[in-house]
Every structure is written in C-alpha cells, then in structure tokens.
Amino acid sequence: MNLGVRWTLHGDGRTPAPGAVVRPDERLSWPRTAGLGAQHVVAMFGASFVAPVLMGLDPNLAIMMSGVATAIFLLATRGTVPSYLGCSLSFVGVAAAIRASGGTSATVTGAVLVVGAVLFLAGLAVRRFGARIIHAAMPPVVTGAVVMLIGFNLAPVTAATYWPQDQWTALLVMLFTGLAVVCLRGFWSRIAIFLGLVFGYALSWILDLTFGRIHSVSPSGQVTDHWRLDLSGVSQADWIGLPSFHGPSFEWSAILVALPVVIALIAENAGHVKAVGEMTGNDLDDKLGTAIAADGAASMLSTAVGGPPNTTYSENIGVMAATRVYSTAAYWAAAGFALLFGLCPKFGAVVAAIPGGVLGGITVILYGMIGLLGAQIWINAKVDLRNPLNLVPAAAGIIIGVGGVKLTFTDTFELGGIALGTIVVITGYHVLRAFAPAHLKEQEPLLDSGTSSYESGADGGAKG
C-alpha cells in the first residue's frame, strides 16, 4: 500500500535548480528537510497558538494535536497534498459564544467534535458525488456571507475583553503587526502575527519594568492593579510532561452554535487544495473529498481528548511558495517538531502568558481578516450584490450574526448570533431562489442603468 512516505532525492539534495521545484514525492537532504519542517512550525505559530488561547484551551495540547492531525492528513491523502493542519481560528467566535452562555471547555470541545464529524461526512459525500454538491448547497454568496459573519461576530470579544486590559500596548501591537504584514517580504511576512506576539510580549515586559503595574481590567474581568506580563505560571511549569487532557461534553445549544463553521472549513479546504494543485502543477480535484474527510477525522480525534479543531493553513502555502519546496517529507518533519513542543509544558506556559493587551492588538487585525475572507470569496466568484437574490439573505444573515440577534423558543432554548445568521443566509437564499423570477437567477443587476457609477464601461458585466 502506498502511504506516501517514500521520497526520491531532488538533484544534489541541497537547493532546487533555477526554475525547478521540489515535488511532493521528492525531498532535499534530511538536515535541510528538518530545517524546512521547523520553518513550517514557526510559520503557523502565530495563529495556531493564538487560537487555543482565545478559545480557553491548552496550547500545549493544541500544538501536539496539530502534529497528529498533520500526520493523519498526509497518510489519508497518500502524500499528494502537502499541508500542515493547525488550530482553526474559525472556531474562536464559537468558543466565545458558548462560554458566554455558561459553557465549559468540555462543552466547547464537544460541540466542535460534532462539527468534525459533520465535516468528515461532508468529505465522504464529496468523494462520492463530486464537488458539485458543495456548489449547489453553498454557492459563493452563501459561503462568503457565513465566513464574514463568523469573523465579524468576534469584534465584541476584542472590544470588551482584550483591548481594555492595556489599550496602549494593544494599539502599538496593532500598528507593529500591520506594518509587518504590509512591509515585510517573503517568509517574514508569513509569520507577521508571530512577530507581533513577540513584539507585544517584549513591550509588555519593558513597560512593567519601567512603569510598574497597570490599573485596568485584569484577565479575570475585574479592575485591579496587575502586571501586564505574568510569568508565574512559567516558573512553575515542568520542562517535560504531557499536556492536560479532558473529555467532551455534548449540549444541543452549543452544537447548533458551532455547526455553521462547517461551511467555513469546507471553503478553507477547497481553497487550499486548489492552491496547492496550481503550485505543484497537479490536478488535485479528486483529492478534495479525501482532504475534507481527513480534516474532519483529525479534528474529531483532537477534540475527543480536549484539544482544538484543526484546518489547513494558508501560512504554510506561503512558505511553500517562497521556498519552492512542496515535499511532504518537510511536513512530516514539522509534525515531529510539533509533537516535541507539545511535550514541553514550560513552552505552553510561555504561550498562555501572552498579555491581554497584546491579544487585543493582534485580534483587531486577525478577526477583521477572517471576516474579510468572506468578501474575498465574493470577489473571486464575481458575486453580484446588486442582485436582491444575493443581497437580501446575505445582508440579513450578516447583521443577525454580527449583532447577536436572538430568536427565543423556550426558556431553555434559543438561536442567535452565528447559528441564526447562518440559517438565515442558507435557507433564505434557497427559498428566495425557488420563488425568484428567472431574470434574477441569471444574475441581472438590481440597479437600473445609470444609477451604478461603478458599472460604466462594463457592458453586460452583471451577467458575467
């Protein structure tokens, strides 16, 4: 059985020849492959460590299970889709909503485990019927709206929880991270979030030494005098040890809040497989279902022991593009490094000590970027928002999701926020499409000729 764990040496094993690439079934020398694996781990550090901290889960367990998830993904795809699986940021809003309603870490992981199971089944369905079932059930206007409301639903978390802990540090971290994203090039731009965390960490330490304690909202939510950077947990943590495990707990209310993220995960996987296929020159369309199912299976395993869900990481696509090395051997090395980091509780304690003000500056950019990925989906698919068939369900769903609108059924059951917004977008689109006149289904523009200044010179563009 071919598991994709055998590679041929590329050239002399040192560097790719000019214009050449290292294909998934090739590798460089093992020392260079190990170095590339370490680079992949660093590339995903920022998002993959921020996400579990924001979700209230153990970062050590998160990095360990990301290594396990990557191994599962590589085996499932037989080494044809080079990818690293890390903690998904799409679930941060879900975790915040569940905890706001009194849910525990077990409730969060239980809800997300169900999402992983649904994602696994969706992958099997795609393998059986093809990607067309995704496009039929979730056209770009729906997918983009759901991704957008998931990201923007997180805005109150930044505004009410992290930013008030240290507003000036948050502001400086936001500015530094923004400059890093825009001004740095190559690999460094791919780890801009990680660099922002390092900058904020160092800045908080310097401010504590210079000005002493800050009087603001503490991580516990009370206004007190406290250190910006509390390293007491680091000194108490062991160098070697297992992360903390816990079992899931299942509650319908939490599951309904989490289920809409399936749409975002399918979109992420589809985009990732497409991007990797274009970079490697391989047609990977037949691997889409397998990739989605593998992501779901890996997330189920991770959440079953108390870890966060996983997804493919665009940061690592950037590393491949910069290095021209698509070898899956490098990702096996990355998975090994992740497992080793997971066995160092002191490392996890350093991550868990990230000051709230630093998270405030990071999440202002990060959450906004998640939301605007929805707009990017619309742009790439040329979704016409002048068409009321697209505009109405997307507009209503986004406002419900971002504003936290609730629909109360009983004293113990209600729908709101992400869950209700997603239901409105999906059902609203398909119901309206069933009753809409034919010309709207053909993407005719909403506005009359002459009322759309940006349409000038684009004859018939709305139908495209």
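Residues numbered from 1 in each chain as written. Predicted model: local features only at pLDDT ≥ 70, side-chain atom pairs only at ≥ 80, totals over all residues. Heavy atoms only, no water.

### With respect to the overall build of the protein
Counting secondary structure elements, the protein contains 21 helices and eight strands. Counting over 464 residues, the protein shows a buried share of 51%. Long-range contacts, defined here as pairs at least 24 residues apart, represent 78% of the contacts in the protein between residues at least 6 apart. Roughly 20500 Å² of accessible area belongs to the protein as shown, and the carbon and sulfur atoms make up 65% of that amount. (Helix = DSSP H or I, 4+ residues; strand = E, 2+ residues; numbered from the N terminus. Buried < 20%, exposed > 50% of the residue type's maximum accessible area, 1.4 Å probe, protein only. Contact = heavy atoms within 4.5 Å. Areas by Shrake-Rupley, 256 points an atom, 1.4 Å probe, with all protein chains shown as cover.)

### Comments concerning the side chain of T290
Structurally, T290 can be placed in helix 14 (residues 288–304). Look at T290 and you get buried, because its relative accessible area is 13%. Non-local contacts of T290, meaning those with residues more than four positions away in its chain, are made with A76, T77 and R127.

### Describing the packing of helix 10 (residues 192–211) against helix 18 (residues 356–380)
The description of two packed helices rests on the angle between their axes and on the distance between the axes. At a closest axis distance of 9 Å, the pairing of helix 10 and helix 18 adopts a crossing angle of 155°. Classified by the angle between their axes, helix 10 and helix 18 sit roughly antiparallel to one another. Considering the relative orientation of helix 10 and helix 18, their crossing is right-handed. The segment helix 10 lies against helix 18, with I193, G196, L197, G200, Y201 and S204 engaging V358, I362 and L366. A breakdown of the residues in the contact of helix 10 with helix 18 according to their chemical character gives six nonpolar, three polar and no charged. (Axes fitted to C-alpha atoms, helices over the stretch in contact; angles between N-to-C directions. Parallel < 35°, antiparallel > 145°, perpendicular 65-115°, else oblique. Left-handed = near helix turned anticlockwise from the far one by under 90°. Nonpolar A, V, L, I, M, F, W, Y, C, P; charged D, E, K, R; others polar.)

### Quick look at helix 6 (residues 140–152)
Helix length check: helix 6 (13 residues) gives 18 Å between terminal C-alpha atoms against 18 Å at 1.5 Å per residue, within 8%. The element helix 6 is extensively covered by neighbouring structure, given that eleven of its 13 residues are classed as buried. Taken together, the buried positions of helix 6 are occupied by V141, V142, T143, G144, A145, V146, V147, M148, L149, I150 and G151. (Expected span 1.5 Å × (residues − 1).)

### Side note on the side chain of T177
The topology assignment puts T177 in helix 8 (residues 167–183). Owing to a relative accessible area of 0%, T177 belongs among the buried residues under this scheme. Only 2.8 Å separates the side chain of T177 from the backbone oxygen of V173, close enough to count as a polar contact. Among all residues touching T177, those that are not within four sequence positions of it are A192, I193, G196, I362 and I365. (Polar contact = N/O pair within 3.5 Å; in protein donor to acceptor, adjacent residues only side chain to side chain.)

### So, unusual backbone geometry
Despite not being glycine, R78 shows a phi value in the positive range, around 55°. Checked against the element boundaries, R78 lands in the loop between helix 2 (59–76) and strand 3 (85–87). For R78, a relative accessible area of 34% gives the class partly exposed. Of note, the phi angle at K382 is positive, near 55°, even though the residue is not glycine. Looking at the element boundaries, K382 is found in the loop between helix 18 and helix 19 (388–403). Classification of K382 by relative accessible area gives exposed; the value is 61%.

### Points about the pattern of salt bridges
In total, this model carries three salt bridges according to the counting rule given. Of the charged contacts in the structure, one is a salt bridge between R228 and D166, with a shortest N-O distance of 3.2 Å. Of this pair, R228 sits in the loop between strand 5 (223–226) and helix 11 (232–236) while D166 is found in the loop between helix 7 (155–162) and helix 8, placing the two residues 62 residues apart along the sequence. We classify D166 as buried; its relative accessible area is 7%. Between D208 and R228 there is a salt bridge whose closest N-O contact spans 3.0 Å. Here the residue D208 occupies a position in helix 10, and R228 occupies one in the loop between strand 5 and helix 11, the gap between them amounting to 20 residues. In this structure, a network of salt bridges that share partners links the residues D166, D208 and R228. (Salt bridge = Lys/Arg side-chain N within 4 Å of Asp/Glu carboxyl O.)

### Comments concerning the confidence of the model for the protein
As a note on interpretation, predicted positions should not be read in detail where pLDDT is low. In the predicted model, the protein carries a mean pLDDT of 81, and the fraction of residues at 70 or more is 89%. Per-residue pLDDT stays below 50 along residues 444–464; that stretch engages in 23 contacts with residues further than four places along the chain or on separate chains. (pLDDT = per-residue confidence, 0-100.)

### So, the nonpolar core
By size, the foremost hydrophobic cluster in this structure holds 89 residues, and its most contacted members are M55, V92, I266, Y367 and W378. Once you skip the residues sitting within four places of it in the chain, I266 turns out to touch L119, A122, I134, M138 and I292. Grouped together as the second largest cluster of nonpolar side chains are five residues, V22, L28, V325 and A330 included. (Core = buried A, V, L, I, M, F, W, Y, C linked by side-chain atoms within 4.5 Å.)

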